[in-house]
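If you want the building blocks of each chain, they are given just below.
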Amino acid sequence: MTNGARAGLRRVNQEQNTQYKKVLSFIIFLTVTLMMVTGTFLNPLFMKGQIRTSNNDAVVVRQVNRHFDTLAEMIGANQDGNSNLLTSKQTQPIADHIIDYTLGIHLFKFDNLKLAEQILHDINLNIDQGSSSDAQLVQEKLKKQGDNAPYEVVDAFSLNTIKVGANIALLLLIVNIIIIVVTLISLKSLIEEMITMMPTKMLIHDVTAAGMWAGFWLILIAGLLALIPVVFNVANFAVLGYLLEISSSIFLDFVIAGVIVYILSTIPWEITSPNN
């Protein structure tokens, strides 16, 4: 009977350890993921560097030109929707201003005319005699629009959607920071509780085991997300497709982060194994 009670106690301890590992794994996964999201997708400096990579540069040029074609049609410049009117050098300032508007330090956005005026300034500044005749024609037509030109840009570049995106990005940043703080506090409390219930060696073994699982799930999920634009043609899915194309290489950074977490957890996990 005594042996049965002891066996039952060991089963309870194993169940507790398993539960601790699951909770720890989720907390570590959530914390690392949110930190990565904050440092990449919600970081204007990172994103401006990201759109300059060889793969994403072509995506940005295509997307900006799509809106520029729409602008040309709206003001009567009659452009071919498949023509590449602006070069990479001409589209980058526009993309930079959109990123700064969306991800830069700001309160909630209620106006996008200033962004439209910045895009107009980029068009006037970067389209010169060396630009394509189509681009020069659009520039001339815009000048004739006078005070109406910014409103044409708002519609052609879907700046109302970008304004909503800027507000969503701000909310995500606030929520991310709050959740990261809460998860770090929860992690500290959980580890303090585990310290009172198990020796240091077992504690390190359980925490690093949870870290390995967190790294594995980060590698798996981020890897699958990175493959979406490779396996499927997402170019026609408007803003979502554009974001998925840009995000593909960013998710590879998440995979690298998952690998780092996994490797850093594996070494102490192996050292603290009960067999050692």
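Residues numbered from 1 in each chain as written. Predicted model: local features only at pLDDT ≥ 70, side-chain atom pairs only at ≥ 80, totals over all residues. Heavy atoms only, no water.

### So, the overall build of the chain
- The helix and strand inventory of the chain stands at 10 helices and zero strands.
- Sequence-ordered secondary structure for the chain, helices as α and strands as β, is α-α-α-α-α-α-α-α-α-α.
- A compact globule built from 276 residues would reach a C-alpha radius of gyration of about 19 Å, whereas the chain, at 26 Å, exceeds it by more than 25%.
- By residue count, 42% of the 276 residues in the chain fall in the buried class.
- Contacts in the chain between residues far apart in sequence, at least 24 positions, make up 79% of those at least 6 positions apart.
- Summed over all atoms, the accessible surface of the chain reaches about 15500 Å², with 65% contributed by carbon and sulfur. (Helix = DSSP H or I, 4+ residues; strand = E, 2+ residues; numbered from the N terminus. Rg over C-alpha atoms; globule rule 2.2 N^0.38 Å. Buried < 20%, exposed > 50% of the residue type's maximum accessible area, 1.4 Å probe, protein only. Contact = heavy atoms within 4.5 Å. Areas by Shrake-Rupley, 256 points an atom, 1.4 Å probe, with all protein chains shown as cover.)

### Considerations on the packing of helix α4 (residues 88-103) against helix α8 (residues 159-195)
- Relative orientation of the contacting elements α4 and α8 amounts to 45°, with a least axis distance of 7 Å. What the angle tells us is that α4 and α8 run oblique. Facing α4, whose interface residues are I98, Y101, T102 and L103, α8 presents I162, K163, G165, A166 and A169.
- Its residues assigned to classes, the contact of α4 with α8 comprises six nonpolar, two polar and one charged. (Axes fitted to C-alpha atoms, helices over the stretch in contact; angles between N-to-C directions. Parallel < 35°, antiparallel > 145°, perpendicular 65-115°, else oblique. Nonpolar A, V, L, I, M, F, W, Y, C, P; charged D, E, K, R; others polar.)

### Side note on α4
- Taking 1.5 Å per residue, 16 residues should reach 22 Å; α4 reaches 21 Å between its end C-alpha atoms and fits that length.
- Regarding α4, the residues found buried are Q90, T91, Q92, I94, A95, D96, I98, I99, Y101, T102 and L103.
- Among the structural elements, α2 (44-50), α3 (54-74), α5 (113-126) and α8 are those in contact with the buried residues of α4. (Expected span 1.5 Å × (residues − 1).)

### Here's the deal with the packing of aromatic side chains
- The full count for this structure, using the stated rule, is five aromatic pairs.
- The interplanar angle of 55° and the centroid separation of 5.5 Å between the aromatic rings of F41 and F251 together place this pair among those described as tilted. Within this pair, whereas F41 is found in the loop between α1 (2-39) and α2, its partner F251 is found in helix α10 (residues 238-271), the two being separated by 210 residues in sequence.
- You can call F41 partly exposed: its relative accessible area is 21%.
- The class of F251 is buried, set by a relative accessible area of 14%.
- An angle of 90° between the planes, with centres 5.8 Å apart, marks the rings of W213 and F216 as edge-to-face. Pair noted here: W213 and F216 are both in helix α9 (residues 200-231), with a separation of three residues, about one helical turn. (Phe/Tyr/Trp six-rings, centres within 6.5 Å; stacked < 30°, edge-to-face > 60°.)

### Some details on the packing of α3 against helix α6 (residues 133-145)
- Between α3 and α6, the least distance of the axes is 10 Å, while the angle of their chain directions is 55°. Our classification of the angle between α3 and α6 gives oblique. You can see that α3 and α6 cross each other, and the crossing is left-handed. Contacts between α3 and α6 involve F68, L71 and A72 from the first element and A135, V138 and L142 from the second.
- Partitioned by chemical class, the residues of the contact of α3 with α6 number six nonpolar, no polar and no charged. (Left-handed = near helix turned anticlockwise from the far one by under 90°.)

### Notes on the environment of L30
- Position of L30 among the secondary structure elements: in helix α1.
- In this structure L30 comes out as partly exposed when scored by relative accessible area, which is 23%.
- Distance in space between the C-alpha atoms of L30 and N124 is 45 Å, their sequence separation being 94 residues.
- If we ignore the near neighbours within four places in the chain, the residues touching L30 are I179 and T183.

### A few points about the nonpolar core
- Ranked by internal contacts, the top residues of the largest apolar core, which has 58 residues, are F68, L71, I119, F157 and L159.
- Contacts of L159, omitting those with residues within four sequence positions, involve N112, L115, A116, I119, V153 and V154. (Core = buried A, V, L, I, M, F, W, Y, C linked by side-chain atoms within 4.5 Å.)

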